[in-house]
Amino acid sequence: MAGQLNRIDVTVLPAGWRAKESYPSEASGSWSPALSPDGRHVAYVSDRSGSPRVWVQPVGSELTFLVDTEEPVTEVHWSTGGGWLACVIAPGGAPRTEVWLVRPDGSVPHQVAGFGTDSAENVRWLPGRPLLAVAENLSTTLLIDAEHGTREVIAEGELTSLFDVSPDRRQALLRHGPRGSRHIVLRDLGTGHEEYVTSGEQACFAPDGTIYARSDTGERTRLLRVRDGTAEVLAASDTAEVETFALTADGTKVAVLWNTGGGLSELAVLGAHGETRIDLPGTVAAGPVWSTDGSTLAFTAEAPGQPHGVWVWDGDLHPVAVEAPSPGAVQPVLRRFPSHDGLEISGWLFTPAGTGPHPLVVWLHGGPEAQERPGHGPLFQSLVDRGIAVFAANVRGSSGFGRSFVNADNGPLRTAAVADVAACVAHLVETGVADPARVGCMGRSYGGYLTLAALTTYPELFAVGIDVCGMANFATFYAHTEPWIAAAAVSKYGDPVRDADLLRELSPITRIDRLRAPLLVVHGANDSNVPVIEAEQVVAALAERGVEHRYLLFPDEGHELLHRSSRAEYLRETVGWLTRHLGVETPVTGHTSAL
């Protein structure tokens, strides 16, 4: 049965399990930490076994328990009472997810959400109660009682998620709206009346009913505390953004994760005695979460050459599932420069040894409301190792640079984001980094779309391209993606009916006859976010026109490559494709080349 949890006996990992031969740092990582109520154990997801699974480990010990699953796990959450782990599972690697509950010892596995074709997300245990908040299909919000096995519908409506329910069960915090235009409301569960709180993406109740919310009503996201309809700013900056926050169950402390300096992380704890800064063990952190008793904070951290690992902080910092950085990893440099219209854009530049100009690849992230940050990137390190520079760009539409910037590519403004790609190439050529005859472009998801758009708009700039699960045709994307994904995307791209002409013009497939660079197309067969028809029509069009291409299809993957073997094959194929078409014959060094 898809998603079936299998009980595994206690596993004591043998001495040397962290050795490169058995657990290579470039191939594995750990994420989604969840603490037991007393902070003495931590559950997390790791792909050390080849596919993402849930592991449970005492803090300060390498004694580790494995909760096995037939399907990949993307998240794990520990109930505030300590009796349950909520595991978010992706059958077939697809974007559609299920929620399964299991005891921390691996017993009593059962599914509670995401049945059939439904997809469950935005999972959160309510403090002090065995109640799990879940949203299905971004339209039905549920409270699932883990002890009694009941499912209560809290609210229904298109593009709705549930953040929290008050301890007296009289009010709920909900999120409404599409991407880039979401707002938080306080709903009276008796009358159904909703009161606007703020525009934003995260909120929760304190025990006394006070609301904490990450708000994007200003230019930079900030942390608000709302009491009796009055908002107080707890954390804000003109140069940094509040990426996320975590409130203790008793409401006395809040951890604030900042995004600053073009993508670097800072982590601080605010309490009655002021602010405590935590010295992070990496350049990029994520997922802060408290134990129920508020004694311990867990989070992940990563850096170039250092896979994301799990750390806990109780006043001191302790590693839980951490690998040593790869020796010789190249550290990127942030580049900022004006684009074609004077708007400042930026990116992280990875430069190989020796003097330039170098063959270069422009990498474009997904989203578009995401950000390229200086974290662990085996692909970038492998390319630099072979003498190829990498520019990980943050063109307009990226997050982390303010509200105006993230909305600067909406609808008809998207052509300016495509022109940003050409501006990146121009800057890197003019500054002597890139050899103009050996420039490639690649990206995944929205970055795959942007790659196709750049290759068909500026074919003279690129010697090679790689499209990883990118949209080629907005008409077929809207027709075949999940309905809730389509509804959420309208604010970013346009309405498929009202804006049909615009979307046709923005679709790379309409200019596919201009594409002349050899193109590698990569896709997961089970992708229901960007369905595989997007890849198929590109491949068919290139075959008809005799353009050199290769199609790499992963049968057991979805929108993400969740299995380590798939990522290793992807790495081999992409590095081989780029080195061949950029005229690079042999590796320069050899400090890292695997995923």
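Here the structure is shown first, and the text comes after it.
Undergrad: Explain the overall build of the protein chain to me, and be specific about the residues and the numbers.
TA: Within the protein chain, the secondary structure is distributed over 9 helices and 36 strands. For 595 residues, the compact-globule estimate of 2.2 N^0.38 gives 25 Å, and the C-alpha radius of gyration of the protein chain, at 23 Å, lies within 12% of that figure. Across its three principal directions, the C-alpha atoms of the protein chain cover 65 × 60 × 50 Å. A total of 595 residues make up the protein chain; the buried ones form 60% of that total. Within the protein chain, contacts between residues at least 6 apart in sequence are counted, and of these 54% link residues at least 24 apart. Taken as two groups, the 45 positive and 71 negative side-chain charges of the protein chain have centres that lie 2 Å from each other.

Undergrad: Which residues make up the packing of aromatic side chains, and what are the values?
TA: By the definition in use, this model includes 10 aromatic pairs. Consider the rings of phenylalanine 474 and tyrosine 493, whose centres lie 5.1 Å apart with planes at 40°: the pair is tilted. Residue phenylalanine 474 is located in helix α5 (residues 474-480), and its partner tyrosine 493 is located in helix α6 (residues 483-493); the two are separated by 19 residues in the primary sequence. Residue classification places tyrosine 493 among the buried positions, given a relative accessible area of 2%. Chaining the aromatic ring pairs together yields one cluster made of Tyr446, Tyr449, Phe474, Phe477, Tyr478 and Tyr493. Directly above the ring of tryptophan 55 sits arginine 48, whose terminal nitrogen or CZ lies 4.4 Å from the centroid.

Undergrad: Give a description of the pattern of salt bridges that names residues and reports values.
TA: For the structure on display, the rule yields 27 salt bridges. When the shortest N-O distance is used, the salt bridge between arginine 504 and aspartate 501 registers 2.9 Å. One end of the pair is arginine 504 and the other is aspartate 501, both in helix α7 (residues 500-506) and 3 residues apart, which spans about a single turn. Residue classification places arginine 504 among the partly exposed positions, given a relative accessible area of 48%. Aspartate 501 gets classed as exposed once you look at its relative accessible area, which sits at 58%.

Undergrad: With reference to specific residues and values, describe the sheet that holds strand β22 (residues 254-260).
TA: Read across the open sheet, the 4 strands follow the order β21-β22-β23-β24; overall the sheet is antiparallel. Every interior strand has two partners, whereas the edge strands, β21 (241-247) and β24 (274-278), have only one. Each strand axis lies, on average, 25° off the axis of its neighbour in the sheet, ignoring direction. Taken together, the 6 bridges between β21 and β22 define a ladder with antiparallel strand orientation. Its bridge partner lying in β22, alanine 246 is registered against alanine 255.

Undergrad: Which residues make up the sheet that holds strand β35 (residues 519-524), and what values go with them?
TA: Read from one edge of the open sheet, 8 strands run β29-β30-β32-β31-β33-β34-β35-β36, paired in mixed fashion. Two strands bound the open sheet, and with one partner strand each, they are β29 (333-338) and β36 (549-554). Each adjacent strand pair in this sheet contributes to an overall mean axis angle of 20°, direction not counted. Bridge analysis of β35 against β36 gives 6 bridges, and the strand direction is parallel. When the bridges of β36 are listed, histidine 523 appears paired with leucine 553.

Undergrad: A description of the nonpolar core should follow, citing residues and the corresponding values.
TA: The biggest cluster of nonpolar side chains holds 60 residues, and the ones touching the most others in it are Leu360, Phe474, Phe477, Tyr493 and Val538. Here tyrosine 493 is in contact with Arg179, Gly367, Pro368, Gly411, Arg414, Tyr446, Met471, Phe474, Phe477, Tyr478, Leu502 and Leu503, once residues within four sequence places are set aside.

Undergrad: I'd like a description of the environment of arginine 386, backed by residues and values.
TA: You can see arginine 386 is positioned in the loop between α1 (378-385) and β32 (389-394). Classification of arginine 386 by relative accessible area gives buried; the value is 17%. With 256 residues separating them in the primary sequence, arginine 386 and proline 130 have C-alpha atoms 52 Å apart.

Undergrad: Could you give me a rundown of the pairing of strand β2 (residues 30-35), with the residues and numbers involved?
TA: Burial of β2 is extensive: 5 of the 6 residues sit out of reach of the surface. Note that β2 and strand β3 (residues 41-46) share 4 bridges and pair antiparallel. Pairing of serine 30 across the sheet is with serine 46, part of β3. Here β2 hands over to β3 after 5 residues, with glycine 39 in that stretch at a positive phi of 75°.

Undergrad: Explain the side chain of aspartate 467 residue by residue, including any values.
TA: Relative to the assigned elements, aspartate 467 resides in strand β34 (residues 464-468). For aspartate 467, the contacting residues outside a window of four places in its chain are Gly443, Gly448, Leu452, Leu519, Leu520, Val521 and Val522.

Undergrad: Can you explain the layout of surface pockets? Please cite residues and give values.
TA: For the largest pocket, the calculated volume is near 270 Å³. Considering the residues around the largest pocket, the lining is formed by 17 residues, among which Gln171, Leu186, Gly209, Ile211 and Asp228 are closest to the centre. Mapped by element, the contributors of at least two residues to the lining of the largest pocket are β17 (194-205) and β19 (222-227). Tallying contributions element by element places β17 first for the lining of the largest pocket, with 4 residues.

Undergrad: Please set out the packing of helix α3 (residues 414-430) against helix α4 (residues 446-457) residue by residue, giving values where relevant.
TA: Axis separation between α3 and α4 bottoms out at 9 Å; the angle between their running directions is 75°. When the axes of α3 and α4 are compared, the pair comes out roughly perpendicular. Of the residues in α4, those touching α3 at Arg414, Ala417, Val418 and Val421 are Tyr446, Tyr449, Leu450, Ala453, Ala454 and Thr457. Tallied by class, residues from the contact of α3 with α4 come to 8 nonpolar, 1 polar and 1 charged.

Undergrad: Tell me about helix α8 (residues 533-545), and please be specific about residues and values.
TA: Taking 1.5 Å of rise per residue, the 13 residues of α8 would be expected to cover 18 Å, and the 18 Å separating its terminal C-alpha atoms lies within 8% of that figure. Glycine 546 sits one or two positions beyond α8 and adopts a positive phi of about 75°.

Undergrad: Lay out the pairing of β29 with the relevant residues and their values.
TA: Here 6 bridges tie β29 to strand β30 (residues 344-350), and the two strands are oriented antiparallel to one another. Within the sheet, the bridge partner assigned to arginine 336 lies in β30 and is serine 346. Taking the residues between adjacent antiparallel strands as the criterion, β29 and β30 are bridged by 5 residues, where glycine 342 takes a positive phi near 95°.

Undergrad: Go over the environment of glycine 443 with me, naming the residues and quoting the values.
TA: By secondary structure assignment, the location of glycine 443 is in strand β33 (residues 434-444). Accessibility expressed as a relative area gives 0% for glycine 443, which makes it buried. Linking glycine 443 and glycine 470, residues 27 residues apart in sequence, is a C-alpha distance of 7.9 Å. Once you skip the residues sitting within four places of it in the chain, glycine 443 turns out to touch Trp363, Leu364, Gly448, Thr451, Ile466, Asp467 and Val468.

How each quantity is defined
- Residues numbered from 1 in each chain as written.
- Predicted model: local features only at pLDDT ≥ 70, side-chain atom pairs only at ≥ 80, totals over all residues.
- Heavy atoms only, no water.
- Helix = DSSP H or I, 4+ residues; strand = E, 2+ residues; numbered from the N terminus.
- Rg over C-alpha atoms; globule rule 2.2 N^0.38 Å.
- Buried < 20%, exposed > 50% of the residue type's maximum accessible area, 1.4 Å probe, protein only.
- Contact = heavy atoms within 4.5 Å.
- Lys, Arg positive; Asp, Glu negative; His and termini not counted.
- Charge placed at Lys NZ, Arg CZ, Asp CG, Glu CD.
- Phe/Tyr/Trp six-rings, centres within 6.5 Å; stacked < 30°, edge-to-face > 60°.
- Lys NZ or Arg CZ within 6 Å of the ring centre and 35° of its normal.
- Salt bridge = Lys/Arg side-chain N within 4 Å of Asp/Glu carboxyl O.
- Pairing = 2+ DSSP bridges.
- Axes fitted to C-alpha atoms, helices over the stretch in contact; angles between N-to-C directions.
- Core = buried A, V, L, I, M, F, W, Y, C linked by side-chain atoms within 4.5 Å.
- 1 Å grid on protein atoms, 1.4 Å probe; cavity = no way out; pocket = protein on both sides within 12 Å on 5 of 7 lines; lining within 4 Å.
- Points joined across faces, edges and corners; volume = space filled by probe spheres on them.
- Parallel < 35°, antiparallel > 145°, perpendicular 65-115°, else oblique.
- Nonpolar A, V, L, I, M, F, W, Y, C, P; charged D, E, K, R; others polar.
- Expected span 1.5 Å × (residues − 1).

This is a description of form; function is not addressed.
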